[in-house]
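Observations on chain architecture
Here's the letter readout for the chains.
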Amino acid sequence: MSIKIIGEQSIPNIPWQDRPAGCNDVIWRYDANPVIERNATPTSNSIFNSAVIKFGDGYAGVFRCDNKERVMQIHVGFSDDGINWDINPERIHFECEDEEVGTFHYAYDPRVVFIEDRYYITWCNGYAGAPTIGVGYTFDFKTFHQLENAFLPFNRNGVLFPRKINGNYAMLSRPSDSGHTPFGDIYYSESPDMEFWGKHRHVMAPRGGWESTKIGAGPIPIETSEGWLMIYHGVLTSCNGFVYSFSTALLDLEKPWKVIARCKEYLLSPQTLYECVGDVPNVAFPCAALCDADTGKLAIYYGCADTVTGVAFGKVDEIVKYTLDNSSV
Ligand code: BMA
């Protein structure tokens, strides 16, 4: 089978390490993880569930930085190589026409995507003290504009598709509750204008094992000849609390609420020290993936133990094939 990546960019300088000798895993960790330490800015307690994207000759990112007051904030950062990051110690201040929407409560778990002519950012945004999906955009990662929140609270894990579908912008999200949410399915919604969201569809529910409690979309879905490659996190409730792992599913290109394939196993679960020990133990939480269309190389950025940021590598064709070969829907 010849699996093709559609519509992604050439990233010849993508951060990369070959699969280590003796490793049979579909995805493997960068050997110098974590790439971003918790104190990478003077103000940060932790820097973890964060998004990166190709920008100019290098990379830009929007980083979840919880500060030493433990306020959850998002900060901009830049890198030449995707590994060494210069992160602004000040949070992003969005310009917003609506004072109520633009009032800052908290911001976390950002995703970044380029659509048409600008970079859109979605994040979990505190509105009147409750979590929903904030939406903003920038052209240059210097000035940031905030739009209406996409949904009513409570919602988390808002992830835009990188192009319009059926003529509309499209987003995955995970309705939740006000706390640590012991449930959660992935839903799909469309918008003609990035302001009004509707046509809501159910995509998938948790279903046992590593993803028995709740699931949520991670990086921006990657368009392939076999469907949208969606990397998503799944949560198991152990006697010691939540365990966050991640895996993959393939969604129909024009009806992304139709699941074509869904891997039965996790592809990465918290097993290293920096994934198992931190402010919240046992968390691997992906929010971004760089994808080089020419080679299929993939670099997944994921938060580790709600404390630091790690990178894992894989090849898109191998991941798609593994998902199809080990699927149950
Ligand atoms: C989720 C979010 C994530 C976090 C995870 C594990 O509900 O708050 O930001 O990584 O819990 O604590």
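Everything below is about the structure printed above this text.
Let me begin by describing the structure that accompanies this report. All values derive from a computational prediction rather than experimental measurement. (Residues numbered from 1 in each chain as written. Predicted model: local features only at pLDDT ≥ 70, side-chain atom pairs only at ≥ 80, totals over all residues. Heavy atoms only, no water.)

This brings us to the nonpolar core. Ranked by internal contacts, the top residues of the largest apolar core, which has 36 residues, are F63, W85, V112, F141, L290 and Y301. Secondary structure elements with two or more residues in this core: β3 (51–55), β4 (58–67), β5 (72–79), β8 (107–115), β9 (118–127), β21 (284–291), β22 (297–304) and β23 (308–315). Among the elements that take part in this core, β4 stands out by supplying five residues, more than any other. Of all hydrophobic cores here, the second largest spans 32 residues; its members include I115, Y120, I165 and A170. (Core = buried A, V, L, I, M, F, W, Y, C linked by side-chain atoms within 4.5 Å. Buried < 20%, exposed > 50% of the residue type's maximum accessible area, 1.4 Å probe, protein only. Helix = DSSP H or I, 4+ residues; strand = E, 2+ residues; numbered from the N terminus.)

Right, let's talk about empty space enclosed by the protein for a bit. Evaluation of the coordinates by the stated rule reveals one cavity of 30 Å³ or more. For the largest cavity, the calculated volume is near 40 Å³. Every residue along the wall of the largest cavity is listed here: I27, I231, F246, T248, L267, L298, I300 and I319. At the level of secondary structure, the elements contributing two or more residues to the lining of the largest cavity comprise β19 (241–251) and β22. When its residues are assigned to classes, the lining of the largest cavity shows seven nonpolar, one polar and no charged. (1 Å grid on protein atoms, 1.4 Å probe; cavity = no way out; pocket = protein on both sides within 12 Å on 5 of 7 lines; lining within 4 Å. Points joined across faces, edges and corners; volume = space filled by probe spheres on them. Nonpolar A, V, L, I, M, F, W, Y, C, P; charged D, E, K, R; others polar.)

Moving on, we come to unusual backbone geometry. N33 connects to P34 through a cis peptide bond whose omega is -5°. By the element assignment, P34 lies in the loop between β1 (28–29) and β2 (44–47). Cis geometry is adopted by the peptide bond preceding F154, which originates at P153 and carries an omega value of 5°. Summarising the element assignment, F154 is placed in the loop between β11 (144–146) and β12 (155–160). Even without being a glycine, F141 presents a positive backbone phi close to 60°. Looking at the secondary structure, you find F141 in the loop between β10 (130–138) and β11. A positive phi angle, near 55°, is found at N166, a position not held by glycine. With respect to the secondary-structure elements, N166 resides in the loop between β12 and β13 (169–175). Of the residues examined, N166 reaches a relative accessible area of 42% and is grouped as partly exposed.

Once that is clear, we can look at helix α3 (residues 316–325). Of all the residues in α3, the buried ones are V316, I319, V320 and T323. Taken around the axis of α3, the buried residues stretch over an arc of 100°, which confines them to a single face. (Arc of directions from axis to C-beta.)

This next bit is on the site of the ligand. All residues adjacent to the ligand are N49, R64, Y108, D109, Y244, V280, V283, F285 and D306. Here an oxygen atom of the ligand sits 2.7 Å away from a polar atom, N or O, in the side chain of D109. When the ligand sits alone it has 310 Å² of accessible area, and the protein chains cover 85% of it. Judged by the proximity of its atoms to the pocket grid, the ligand belongs to the largest pocket. Partitioning the shell around the ligand into residue classes produces five nonpolar, one polar and three charged. (Near = heavy atom within 4 Å. Polar contact = N/O pair within 3.5 Å; in protein donor to acceptor, adjacent residues only side chain to side chain. Areas by Shrake-Rupley, 256 points an atom, 1.4 Å probe, with all protein chains shown as cover. Sits in = over half its atoms within 2 Å of the grid points.)

On to the sheet that holds β11, then. Spatial ordering of the open sheet is given by β7-β11-β10-β9-β8, a layout of five strands whose pairing is mixed. Edge strands, defined here as strands with exactly one partner in the open sheet, are β7 (94–96) and β8. The sheet shows a mean angle of 35° between the axes of neighbouring strands, taken without regard to direction. Alignment of β7 against β11, held across three bridges, turns out to be parallel. For C96, the partnering residue across the bridge sits in β11 and is Q146. (Pairing = 2+ DSSP bridges. Axes fitted to C-alpha atoms, helices over the stretch in contact; angles between N-to-C directions.)

What follows deals with the layout of surface pockets. One number sums up the size of the largest pocket: a volume of about 680 Å³. Taken together, 32 residues line the largest pocket, and the ones lying closest to its centre are R64, Y108, H180, Y244 and D306. Sorting the residues of the lining of the largest pocket by element identifies β4, β8, β10, β12 and β19 as the ones contributing at least two each. Broken down by element, the lining of the largest pocket gets its largest block of residues, three residues, from β19. Counted by class, the lining of the largest pocket contains twelve nonpolar, eleven polar and nine charged residues. Quantified by volume, the second largest pocket comes out at close to 390 Å³. In this structure, the second largest pocket is lined by 26 residues; those nearest its centre are E8, I53, V113, P162 and I220. Broken down by secondary-structure element, the contributors of at least two residues to the lining of the second largest pocket are β3, β8, β17 (222–224) and β21. The leading source of residues in the lining of the second largest pocket is β21, at five residues.

Here we take up the pairing of β9. Of all ten residues that make up β9, nine are buried, and the element is covered over most of its length. Relative to β9, β8 is paired through seven bridges, and the arrangement is antiparallel. Paired with V113 across the two strands is Y120, which belongs to β9. Joining the antiparallel neighbours β8 and β9 is a turn of two residues, in which E116 adopts a positive phi near 60°. Remark: two residues form the turn of the hairpin made by β9 and β10, two consecutive strands paired antiparallel; A128 in that turn has positive phi of roughly 50°.

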